[in-house]
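Examining the three-dimensional arrangement
Here are the chains, one letter per residue:
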Amino acid sequence: MTTTQTVTAPTEKTPRRVPGESGMWFFVLFESLVFTSYFGVYLYYRAQHEAAFLRAQSHLDLWLGVLGTIALLTSSWSVARCVQTARVGRYRLALRDAALTAGFGAVFLTLKSIEWARQIHMGNTFTSGDFFQYYFFFTAIHCVHLLIGFVALGVLAYQLASPRRRSQEIVETCATYWHTVDFLWVLIFALLYVAR
Amino acid sequence: MKRLAWRGDPKRELWLMWYATLIFYNVFTVVFFVLTRTQPPAPPWYDADQATAWFAHRHQGLLVGFALMFALGGLSMTSTALITYSIRRMSVSRAFAYSYLILYAVSAVPGLLLICLAMTVGAMRPDRDPAIQHWLYDFGFLSFSGTMGVFLVGSLIWMAAILLDKNRVLPRWFGYLNLCNALTEVVVSPAWILDRGAFSWNGTIAWWINVAVFGMYTGVFITLLRNMIIREDFGTGPLPDLPPRKPRQRAAAEVAEVAS
């Protein structure tokens, strides 16, 4: 009796890799840890003075926060599209998606400026109590990240613009940074606007 | 023979700078955290009498500690020199290295020396008018903690140089860590406005978290500079990889041999 043995060829394992540079993922991890510590401090003080925080929080316009969140989430979608279209070599389309991402980022920044102006007009400034210290701190440090995001988008567009460059790794690295900015905002939005 | 090998080692100046950097950060920690106890910073809400009592309580420590810092403070430039060297070894314009050198040399005045001067002046005559002691107290702590932003642009320059470099002098993830460090420098700015809470000069966010990040960043860059010296081949192209642990001494001896 013969037994037939099926010899399967060893499947070639493609090395798993993260999108973009691994160094950028180190940044994502480290920055997330730093923000987690900021959030921890905020939640601790919030628990100490819950009534005062809730009173101050009621001055925020939830809908402005929601609109800003939608703008940033849409920008994340367009930058993801940009990566995908660049992967298949449709660079003109990818450039259009990058411009769209910057546009949604600018919408978020405009909404944030309107919100800040309204709060200051209502007398809520950085020195108007604990909640507004955190509100202005979190939104301002996030906007600094967003401004750096515009630089990252500039690098991305520079890569896509010329056939001599077009490094997919750099495109993905810049997109990863942009997603981080979005991710941090979702956490800030949940803590400042939604959590009661 | 060992002594001869050291004399012929072209890396000896680099090692000298690296060990000087190590000594400086150790002296810095002992002076600020142990001798003078100016770190963690005292509360910003102290009134004139409390500030005067604070100086009186630390009289000897402040005088001895900062005398040591005035004698050895110049060692702070050794890390700046090594970092400038690392940028010069990269495939980027020399403008990065010179900008970094000038920025950090200038930043050492508000970032290190002003607190030493103000606190020494305050400690020297504890019977001085409390209003003046209070002024020196505020000036000392604000100049130290509040001016962290002066290091922001320097960190960004180092980051840009690392990310543009083709010689692999420092890993790219460290370029991004520079960005994290630069962003925490911004966070200290509210200390100019608030005198209590998480954003004051001794606050949880403005000081404690910042110092944790800065401590990690410093430990990482000192280690990476050490690795850079080990990898240095005095060429102009990409730096070789770090040799495995055992053959390192052999590799160092070979470099010394080639150089001599």
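Structure shown above.
Overview of the structure.

What counts and what doesn't
Residues numbered from 1 in each chain as written. Chains lettered and ligands numbered in written order. Predicted model: local features only at pLDDT ≥ 70, side-chain atom pairs only at ≥ 80, totals over all residues. Heavy atoms only, no water. Helix = DSSP H or I, 4+ residues; strand = E, 2+ residues; numbered from the N terminus. Buried < 20%, exposed > 50% of the residue type's maximum accessible area, 1.4 Å probe, protein only. Contact = heavy atoms within 4.5 Å. Buried area = accessible area lost by both parts, 1.4 Å probe. Salt bridge = Lys/Arg side-chain N within 4 Å of Asp/Glu carboxyl O. Polar contact = N/O pair within 3.5 Å; in protein donor to acceptor, adjacent residues only side chain to side chain. Axes fitted to C-alpha atoms, helices over the stretch in contact; angles between N-to-C directions. Parallel < 35°, antiparallel > 145°, perpendicular 65-115°, else oblique. Left-handed = near helix turned anticlockwise from the far one by under 90°. Nonpolar A, V, L, I, M, F, W, Y, C, P; charged D, E, K, R; others polar.

Let us now look at the overall build of chain B. Of the regular secondary structure elements, chain B holds 11 helices and 0 strands. Listed by position from the N terminus, the elements making up chain B come as α-α-α-α-α-α-α-α-α-α-α. With the C-alpha coordinates aligned to their principal axes, the bounding extent of chain B is approximately 65 × 40 × 30 Å. Within chain B, the fraction of its 260 residues that count as buried is 49%.

Turning our attention to the interface of chain A and chain B. With 23 residues of chain A at the interface, the matching set in chain B holds 19 residues. Summing both partners gives a buried area of about 2,000 Å² for chain A against chain B, and 83% of it is carried by carbon and sulfur. It is F30(A), Y38(A) and F126(A) that lose the most area in chain A upon contact with chain B, and together they represent 25% of the buried surface on that side. Summed over the shared surface of chain A and chain B, the result is 1 salt bridge. Where E21(A) meets R172(B), a salt bridge forms, and the shortest distance between an N and an O atom there is 2.7 Å. At the boundary of chain A and chain B, one finds 2 residue pairs in polar contact (both at pLDDT 80 or more).

Residue and element names in this part refer to chain A. At their nearest, the axes of helix α3 (residues 62–87) and helix α4 (residues 91–121) sit 8 Å apart, and the two run at 165 degrees to each other. Taken together, the axes of α3 and α4 lie roughly antiparallel to each other. As α3 runs across α4, the sense of the crossing is left-handed. Class assignment for the residues of the contact of α3 with α4 results in 16 nonpolar, 7 polar and 5 charged.

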